[in-house]
Structure formats: structure tokens, C-alpha cells
Amino acid sequence: MSVHVILLDELERDALTELVNIGVSRAAANLRKMVGEQVLLSVPSVEVVTREGAAILLRERESGELVAVRQDFEGVFSGRALLIFPKSNSMALVHAVTGGALSAEDAADMENEALAETGNVVLNSCLATMANMLQQPLTMSLPEVICGNGSTFFNMSPTTADDGGVVLFLYINFAINDRDIRGYIAMLMDLPSLQALKALIADFIERVVGDVV
Amino acid sequence: MGTTVLIVDDSKLARIVLGKTIAALQPDWTRVEAGNADEAITLLDAHSVDVAILDYNMPGRDGLALAEELRARYPAMPIAVATANVQDEIIARARAANATFIPKPVTEEGMRGFLSGAALRLKSNTQ
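Since the model is a prediction, treat every value here as computed from it, not as a measurement.

Please explain the overall build of chain B as it appears in this structure.
Helix and strand counts for chain B come out as 5 helices and 5 strands. Starting at the N terminus, the α and β elements of chain B follow one another as β-α-β-α-β-α-β-α-β-α. The globule rule puts the C-alpha radius of gyration for 127 residues at 14 Å, and the 13 Å found for chain B is close to it. Judged by the C-alpha coordinates and their principal axes, chain B covers about 35 × 30 × 25 Å. Per-residue burial over chain B gives 42% buried out of 127 residues.

Structure (C-alpha cells):
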């Protein structure tokens, strides 16, 4: 099985990238209110890969420990969204979100809460933008913070153990006040969910483009 | 002479949506497109462009950097930057470059003010 799964055509992938970019731009504007400093967030590309493929992509880029915020979503398409950071970046993020006002000890205590809140803002903005623009409601679970690596993150199926599921893998550029924080967003879905998403994206393109193409 | 509007966005879909919105509001305008800042500059060297609408989030130079560059070259050109990222710093930079904000997702409602203002400015410039 190859790493890449070709299920979306070029315009569909373009539309999905545009949707998540609008989502994370809103997330950046919301995070700006939390951290009081300029936040840059963008998604240069979206890839649809197998679960193993996603674990490989992550392993190729990140050798250290990782931390993730996960939220399950349910609707016409369902799955699990993850915002993933290198563990070494997570304290920088906590400092930014808490405004550097805390002692090192307090900041460590706050780490999970700050990560969960950041993940909540970023993932909710993405999913809510997708839901609104695709005109289908999604419900989202509360955020949970987990540590691990690509294999642990992508093996945890929200539905069944092996559903041939795929991962929408998004690279995100994330910077708070010139501090670079590398990160990734992954959306795990089973094949029926991805098919449902593909159909919604096709409807969306039809709606916004009409008879132009 | 007709009005030419330059659309710069890395997303083909976003360019289609922008183009369609402009066509609905200013059907007589000619539309030219570029997928990034470098392409836009190349295009500007070959075409005469009256109005520019730039996406903020683009690989390479972003829309604000391009707006600043265009402003230096064309002091009177109506320029808009489209983004969903409405942070104070970004708005301030756009204002400093004398560029208008257009909220993403782009709608006729969100574009109307900028396009009619641009049309008026171009008319008064040629008079």
C-alpha cells in the first residue's frame, strides 16, 4: 500500500486547503486574543495518507517526543482531529498563552490546560469553518492532551480497529511573536467518512464555482 | 480604457470565487490572475493593471508584503488584501500600505465596498 491515497482530485484538495486555511486564520485571530501577541498560522499543504503513511511522515520530521491535543468530531463525516507539537515546543506555547506571568513550576502545572485550550481553539476553528462552509453540522468532544508518537496517535481508531482509515495530514506554520512553533494537524477518518467529505467538498465547489468550470 | 483587476491567490478555487464575485459586481472589468507574488510582479511588468486583490496567506511573499511592494510602485492603485485573519497587527500593516481588508470567505457583500470605491477612485483619477 502506498503512503499516499489518491481520493481527492486537484480542485477538491485545493478547496480543502482553502477551507482549513480560513479555519486556521480564524484560529490565529482567536489565539491573538488569548496571547495578546501577533499569531501567524497557515496551512501550506494538505495530504491524504494512510495511517501508516501519517506515522512515517511524522517520524521523518520529528525524532523527539510529541504531544497532541485530540478531539473527536461527529456528523455526516466523523473522526478524530489531532493538533501535534514536538514536546520541546510545548512549553514555549504555554509561556506564550499564559503571557509568561507564571513561575516555571506553575507553568508546568498549567501545561496541559494551556495545550488543551490552544488545541481547542485551533481544532474548533478548523472544524467549525469546515462545517459551516460545507453546510453540515459537526459536534465535537472536549479536548484531551496525550503524549506519544505517530504510531500511537494514528493507531487509535475512534471507530473500529482496522477500517482502512485515512489521515488528512496538514502541515501548519505557527509563530507567536516571532517564536516558531512547529506543528501538525491530522484528521483521522474512515473511508466512508472521507467519501462523505469528498461529496460535500464537490457540492461546495459546485456552489461557489457554479458553471465557471 | 477598460479597467483591469489583478487577482493573486495560491488557491485556484479562491481565484475562481474572487473572479466570479468581481464579474457579478463589475461585469465590464478585465480579470488577470497570478498564483503567487513573483507571478504577480511578472504579470505587472507585461500588463497594465488598475486594481489588485491579494490573498494574505501565500507561499513565498505573503499578500501584505506584496501590497507594500505594489504600493511603492503604484501610489494610487486601489489594493485589497483578503484574509480570515483579522488581527490588529495585520490590519495596521494593511492600513499603513493603504490597502483595504476583505474578509474571507469572499462574498459579494464583503467585496462591494472595495470595488465601488475603487471604481470611483479610478474615475476621478482619469478626470
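Now that the structure has been shown, the text picks up again.
Just to check I follow, could you spell out the interface of chain B and chain A for this structure?
Interfaces are often sized by the accessible area lost when the parts come together. Facing 17 residues of chain B, the contacting portion of chain A comprises 22 residues. Among the elements that take part in the side of chain B that touches chain A, helix α1 (residues 12-25) of chain B stands out by supplying 6 residues, more than any other. The residue makeup of the side of chain B that touches chain A, split by class, is 8 nonpolar, 5 polar and 4 charged.

Can you walk me through unusual backbone geometry in this structure?
It is generally the case that most residues other than glycine have a negative phi and that most peptide bonds are trans. For the bond from B:K104 to B:P105, the omega torsion is 0 degrees, close enough to zero to count as cis. Turning to its location among the elements, B:P105 is positioned in the loop between β5 (100-103) and α5 (108-126). Although it is not a glycine, A:Q135 sits at a positive phi angle of roughly 60 degrees. Residue placement: A:Q135 occurs in the loop between α4 (104-134) and β4 (138-140). The phi angle at B:N98 is positive, at roughly 55 degrees, despite the residue not being glycine. Here B:N98 lies in the loop between α4 (88-96) and β5. Overall, the presence of 14 C-beta atoms within 10 Å leaves B:N98 in the partly exposed class.

Whenever I open this one, the sheet that holds strand β3 (residues 51-55) of chain B confuses me. Can you help?
Within a beta sheet, neighbouring strands are joined by backbone hydrogen bonds and run either parallel or antiparallel to one another. Residues and elements named next belong to chain B. Overall, parallel pairing links the 5 strands, which are arranged β2-β1-β3-β4-β5 in an open sheet. Sheet topology places β2 (30-34) and β5 at the edges, where each strand pairs with a single neighbour. Each adjacent strand pair in this sheet contributes to an overall mean axis angle of 20 degrees, direction not counted. Of the strand pairs in this sheet, strand β1 (residues 4-8) and β3 are connected by 4 bridges, and their pairing is parallel. Each bridged residue has a counterpart across the sheet, and for I7 the counterpart in β3 is I53. Sheet contacts for α5: β3, β4 (79-83) and β5; angle to β5, the most-contacted strand, approximately 150 degrees.

I tried to follow the environment of A:V166 on my own but got confused; where do I start?
Within the fold, A:V166 resides in strand β6 (residues 166-176). When the C-alpha positions of A:V166 and A:I22 are compared, they lie 23 Å apart, and in sequence the two are 144 residues distant.

Would you take a moment to explain the packing of helix α1 (residues 10-35) of chain A against α4(A) for this structure?
A pair of packed helices can be characterised by two numbers: the angle between their axes and the separation between those axes. Residues and elements named next belong to chain A. At a minimum axis distance of 8 Å, the contact between α1 and α4 shows a crossing angle of 140 degrees. As summarised for this structure, α1 and α4 are arranged oblique, according to the angle between their axes. Every pair of crossing elements has a handedness; the one defined by α1 and α4 is right-handed. Across from L19, V20, I22, G23, V24, R26, A27, N30, L31 and M34 in α1, the residues of α4 making contact are T118, V121, V122, S125, C126, T129, M130 and M133. Classifying every residue of the contact of α1 with α4 by side-chain character gives 12 nonpolar, 5 polar and 1 charged.

For this particular structure, what's the right way to read the environment of B:G113?
Here B:G113 shows up in helix α5. Considered as a pair, B:G113 and B:I102 are 11 residues apart in the sequence and their alpha carbons are 9.4 Å apart.

About the thresholds
- Residues numbered from 1 in each chain as written.
- Chains lettered and ligands numbered in written order.
- Predicted model: local features only at pLDDT ≥ 70, side-chain atom pairs only at ≥ 80, totals over all residues.
- Helix = DSSP H or I, 4+ residues; strand = E, 2+ residues; numbered from the N terminus.
- Rg over C-alpha atoms; globule rule 2.2 N^0.38 Å.
- Buried ≥ 20, exposed ≤ 12 C-beta atoms within 10 Å, placed from the backbone.
- Contact = placed C-beta atoms within 7 Å.
- Nonpolar A, V, L, I, M, F, W, Y, C, P; charged D, E, K, R; others polar.
- Pairing = 2+ DSSP bridges.
- Axes fitted to C-alpha atoms, helices over the stretch in contact; angles between N-to-C directions.
- Parallel < 35°, antiparallel > 145°, perpendicular 65-115°, else oblique.
- Left-handed = near helix turned anticlockwise from the far one by under 90°.

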